[in-house]
Amino acid sequence: MKLTFFGAAHAVTGSCHCLEVNGRKILIDCGLQQGRDEHDDNALDFAPSYIDYVLVTHAHIDHSGRIPLLVKEGFHGQIFTTRLTGELMSIMLRDSAHIQESDAQWQNQKGKRAGREEVEPLYTLADAEAALQQVVTYEYGQTFELCEGVQVRFVDAGHLLGSAAIEVWATEGGVTKKLVFSGDLGNVDQPIIRDPDFISQADYVVMESTYGDRNHEPPESYTQALAALIDDVFSKGGNIVIPSFAVGRTQELLYFLREIKNEGLVRSVPNFTVCVDSPLAAEATKIYAGNLHGYLDEDAIAVLQGGDDLFTFPGLTLTQSTEESKALNMDKSSKIIISASGMCDAGRIRHHLKHNLWRPECAVVFVGYQGEGTLGRRLLEGAKTVKLFGEEIAVRARIINFKGLSSHADRDHLLGWIEHFAPKPQQVFVVHGDAPVTEVFANTLTERGIPAHAPLYEEVYDLLENRMLAKGVVLETKSRSAGASAGSPAFLRLQDVAKELELLISRSRGRPNKDLAKLADQLRQVMDKWDA
């Protein structure tokens, strides 16, 4: 009986662990490496055809995003998760496949001119569709037999709708060991979803540590603070722009905004307009508005029992097309615009920032973590100007950070969760955190009398003898050209085109004025079309 770590070892993303019992190989999560964690183009470091089953803790791409690749390369087994995780995966994996195909298309267009061989997308929409056909779902608390000698149960992790910690009872050679995979543990007192369930017994725990070295700031009353801001901004004729992650955070905001409307907390414009400008967020919101029996906290249940919807209210618009998105900035009436991406480095949010950042009567509200080097971080750090679509934009709008809205448990709540185990586990494997954080949290547990360590990539552990078989290796992050981390492949492609355009303009010096004027008019038409 062995456990091997293929991802999120001394890293935040790419969760992937392999449990081997009675010759059966069971993956727990198969996520994409993202950002600074990426080291190998997300290639799989094992033979997918030898994997028998997959268990998925939740739908976030850093936990589920390589499942279509697994299927593409030969995995034919079943994929087990909770019902609502299955529903969210259906939209998130399709969206991820679209991104993979688009990125490959751009690379091939650029590579063809350089004489390079064509590249394939990591996976396609067809691969994602095939993977979704292999998904089998269970509700929280249902114990089922995965295969001979292995039983499984999903327990509410309180991180995202449908998110789970996974209990596994594994028997080999007449000996049974219980493992718990925490997935991502949620913060407490979040709207909509319940607090994480406690688990009281396990021999081994694979535990996340994203915030293992710090605590969140004390939460504030978001409904009161947001209502006051809406009143102030709308009384001056401005807009509120909220960069937000499409799945989870956007739905939390809609929940708060529904409360604000129902309680009449905004007096200047009580029937204010809220626009969710993200097709993915719109699809996710439909799932959040579906059958949530067994997944909601008591406050959300009370709302439903009172006859209200959780996320819909008068004045809410879900936009789909680019034309609808552009129309938001042509409409001069005050509104709240919620749009992706959450860190402002891609997507429709950049257009809304261009049209609102320079207006002192407007406000930009951040409700999530802003990574180092992102546009969102620069705005929070007080940038006076930013460049959007080649244009310098003055930052005159108010920049506001609503701290504490985190979907991850902080240090104290992580400790409270693991200290609920009695007796203490034989070993805790600390994963899913930056390398220094995993070591800090593992040391914290050890000091409290809980055996723990932060495994390296490809560490192999013998669960019957409670000893390490192979130590694993320290991975180097994937080398990148200068500036590559500043945007998506599509954005880098746009930058390449801009450089080529500069060369074309330089070569055009001396051409007839009417030709130069024609070129300038054509470029202006393109810019006006995309900046609208």
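Residues numbered from 1 in each chain as written. Predicted model: local features only at pLDDT ≥ 70, side-chain atom pairs only at ≥ 80, totals over all residues. Heavy atoms only, no water.

A. Geometry of the overall build of the protein. Counting its secondary structure elements, the protein contains 15 helices and 23 strands. Relative to the 2.2 N^0.38 estimate, which gives 24 Å for 532 residues, the radius of gyration of the protein is 25 Å and therefore close to what a compact globule would have. Principal-axis analysis of the C-alpha atoms places the extent of the protein at approximately 85 × 65 × 40 Å. Within the protein, the proportion of its 532 residues that are buried is 52%. (Helix = DSSP H or I, 4+ residues; strand = E, 2+ residues; numbered from the N terminus. Rg over C-alpha atoms; globule rule 2.2 N^0.38 Å. Buried < 20%, exposed > 50% of the residue type's maximum accessible area, 1.4 Å probe, protein only.)

B. Molecular detail of the sheet that holds strand β15 (residues 335-339). Read from one edge of the open sheet, six strands run β14-β13-β15-β12-β16-β19, paired in parallel fashion. Looking at which strands have only one partner, the edges of the open sheet turn out to be β14 (316-319) and β19 (398-401). Averaged over neighbouring strand pairs, the angle between their axes works out to 20° when direction is ignored. (Pairing = 2+ DSSP bridges. Axes fitted to C-alpha atoms, helices over the stretch in contact; angles between N-to-C directions.)

C. Representation of helix α5 (residues 222-235). Its 14 residues place the ends of α5 20 Å apart at the C-alpha level, agreeing with the 20 Å of an ideal helix rising 1.5 Å per residue. Among the residues of α5, those classed as buried are Y222, T223, L226, A227, L229, I230, D231, V233 and F234. The inward-facing, buried residues of α5 abut β12 (240-243), α6 (249-262), β15, β16 (363-366) and β19. Positive phi appears at G237, one or two residues downstream of α5, with a value of about 85°. (Expected span 1.5 Å × (residues − 1). Contact = heavy atoms within 4.5 Å.)

D. Region of the structure containing empty space enclosed by the protein. If you walk through the whole model with that rule in mind, you get one cavity of 30 Å³ or more. Roughly 80 Å³ of internal volume is contained in the largest cavity. Surrounding the largest cavity, 15 residues form its lining, H17, D29, H63, G183 and V431 being those nearest its centre. Among the elements that take part in the lining of the largest cavity, strand β11 (residues 204-208) stands out by supplying three residues, more than any other. The residue inventory of the lining of the largest cavity, partitioned by class, reads five nonpolar, seven polar and three charged. (1 Å grid on protein atoms, 1.4 Å probe; cavity = no way out; pocket = protein on both sides within 12 Å on 5 of 7 lines; lining within 4 Å. Points joined across faces, edges and corners; volume = space filled by probe spheres on them. Nonpolar A, V, L, I, M, F, W, Y, C, P; charged D, E, K, R; others polar.)

E. Seen up close, the state of the cysteines. Per the counting criterion, the structure on display carries zero disulfides. The thiol of C18 is unpaired, and the distance to the nearest cysteine sulfur, on C16, comes to 7.5 Å. Its sulfur unpaired, C344 is 15 Å from the next cysteine sulfur, which belongs to C362. Note on C344: relative accessible area 0%, which makes it buried. (Disulfide = S-S within 2.5 Å.)

F. The sheet that holds strand β1 (residues 2-7), seen in detail. Pairing is mixed across the open sheet formed by eight strands, whose spatial order is β6-β5-β4-β3-β2-β1-β22-β23. Here the strands that pair on one side only, and so sit at the sheet edges, are β6 (135-138) and β23 (467-470). Across the sheet, the mean angle separating the axes of adjacent strands is 25° when strand polarity is ignored. Pairing analysis gives five bridges linking strand β2 (residues 16-21) to strand β3 (residues 24-28), with the strands arranged antiparallel. Bridge assignment links L19 to a residue of β3, and that residue is I26. Lying on the sheet, helix α3 (residues 83-114) is in contact with β5 (78-82) and β6; it crosses β5 at an angle near 115°.

G. Representation of the pairing of β1. Counting buried positions along β1 yields five of six residues, so the element is predominantly enclosed. Pairing of β1 with β2 involves five bridges; the strand directions are antiparallel. In the sheet register, G7 faces β2, and the bridge partner there is C16.

H. A look at the packing of aromatic side chains. Per the stated rule, a full pass over the model turns up 14 aromatic pairs. Residues Y140 and Y295 carry aromatic rings whose centres are separated by 4.9 Å and whose planes lie at 45° to one another, so their mutual orientation is tilted. Taken together, the positions of Y140 in the loop between β6 and β7 (143-147) and Y295 in the loop between α7 (279-288) and α8 (298-305) put the pair 155 residues apart, joining distant regions of the chain. Summarising the aromatic geometry, the rings of F144 and F154 are spaced 6.0 Å apart at their centres and angled 35° between planes, so their arrangement reads as tilted. Residue F144 is found in strand β7, and its partner F154 is found in strand β8 (residues 150-156); the two are separated by 10 residues along the sequence. Using a relative accessible area of 5% as the deciding quantity, one classes F144 as buried. What links up through ring pairs into an aromatic cluster is the set Y53, F80, Y138, F144 and F154. For the cation-ring pair, R258 lies above Y255, with the distance from its terminal atom to the ring centre recorded as 4.8 Å. (Phe/Tyr/Trp six-rings, centres within 6.5 Å; stacked < 30°, edge-to-face > 60°. Lys NZ or Arg CZ within 6 Å of the ring centre and 35° of its normal.)

I. Structural view of the environment of L328. Relative to the assigned elements, L328 resides in helix α9 (residues 322-330). Taking the C-alpha atoms as reference, L328 lies 38 Å from S15; in sequence the two are 313 residues apart. Those residues in contact with L328 that lie beyond four places of it in its chain are C275, D277, T319, K335, I337 and H352.

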